[in-house]
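Coordinate inspection notes
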Amino acid sequence: MKEKILLIEDEKPIRKMLSINLESEGYTVLEADSGKEGVQVCARNLPDLVLLDLMLPDMQGQEVLRMLREFTVVPVIVLSAVSSEKSKIELLDRGADDYLTKPFSPGELLARVRVGLRHAQSSKTESVLEAGPIRLDPSDRTVQIRGNQIHLTPTEFAILALLLQYAGKTVTREILIQTIWGSNENETGSLRVHINQLRKKIETSAAMPELILNEPGVGYRLAV
Ligand code: CA
């Protein structure tokens, strides 16, 4: 299977150049031209690696990184024109895996991408999320409930992964909406629909959920 790389970069010529280089190496490239879209595409498509430009029109790359780290351990390589040691360390502290200073050669980029993907491969066995009767394996995107495999849409998968990551704790509607859709507006209804669909698939009785509980006015909690 082709590895998927998400490219979050607003400058079209750079995006095009990177995309051509990555595709020539056999990767599938997903593109986003804003931070908001990047978070959204990441939550929906669960790429194998993210290339993140720091200077985006709608938000700072640092903020995008923080949002990504709320729901994914995907390797993130930051692309930036700033080369100061301080900002580099700060980004690595915030969960970036690597850092490339512009301008960089395609060869340099591809080498870093290979390293990033290798890291992800070696940590995949640890990234299985398990709680109570639920087992979610991001490496092959499978979910088992009480030992039975079930099929989730990418959005349902992303919601369940987020709830599992914070199992036992309440995840606010805002965080869920932001990480799944990258927006705070008008998605409360969609979230409720997805949660209901997810309940039909994982609960013994969707009418009397015992796994995904409502925290009225706040959000949802995985009770395990
Ligand atoms: Ca930029």
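In this text the structure is predicted, and so the values were computed from the model without any measurement.

Cis geometry is adopted by the peptide bond preceding Pro 103, which originates at Lys 102 and carries an omega value of -5°. Along the polypeptide, Pro 103 turns up in the loop between β5 (98-101) and α5 (106-123). Of note in the backbone geometry, Leu 46 takes a positive phi value of approximately 40° without being a glycine. By the element assignment, Leu 46 lies in the loop between α2 (35-45) and β3 (49-53). In this structure, Arg 146 is a non-glycine residue whose phi angle is positive, near 45°. By the element assignment, Arg 146 lies in the loop between β8 (142-145) and β9 (148-150).

Once that is clear, we can look at helix α7 (residues 173-181). Buried within α7 are the following residues: Leu 176, Ile 177, Gln 178, Thr 179, Ile 180 and Trp 181. Contacts from the buried residues of α7 go to α2, α3 (61-69), α6 (154-165), β10 (170-172), α8 (188-202) and β12 (219-222).

A few words now on the coordination of the calcium ion. The calcium ion binds to the protein through Asp 10 (OD), Glu 11 (OE), Asp 53 (OD) and Met 55 (O); the donor distances cover 2.1 to 2.7 Å. In the primary sequence, the donor residues of the calcium ion line up as D-E-x41-D-x1-M. Here Asp 10 is found in the loop between β1 (4-8) and α1 (12-24), whereas its partner Met 55 is found in the loop between β3 and α3, with 45 residues between them in sequence. The partly exposed category is assigned to Asp 10, whose relative accessible area is 28%.

In this section: the domain arrangement of the protein. Segmenting the protein into domains produces domain 1 (4-121) and domain 2 (129-222). Taking only C-alpha atoms into account, the centre of domain 1 sits 26 Å from that of domain 2. Counting from both sides, the interface comprises 10 residues of domain 1 and, opposite them, 15 residues of domain 2. Taken together, both faces of the contact between domain 1 and domain 2 bury some 1,200 Å²; the carbon and sulfur share is 53%. By the criterion of area lost to domain 2, the three top residues of domain 1 are Arg 44, Glu 70 and Phe 71, representing 46% of everything that side buries.

Rules and cut-offs
Residues numbered from 1 in each chain as written. Predicted model: local features only at pLDDT ≥ 70, side-chain atom pairs only at ≥ 80, totals over all residues. Heavy atoms only, no water. Helix = DSSP H or I, 4+ residues; strand = E, 2+ residues; numbered from the N terminus. Buried < 20%, exposed > 50% of the residue type's maximum accessible area, 1.4 Å probe, protein only. Contact = heavy atoms within 4.5 Å. Donors = N, O, S within 2.8 Å, 3.2 Å for Na, K, Ca; no water. Domains from an automatic or database assignment. Buried area = accessible area lost by both parts, 1.4 Å probe.

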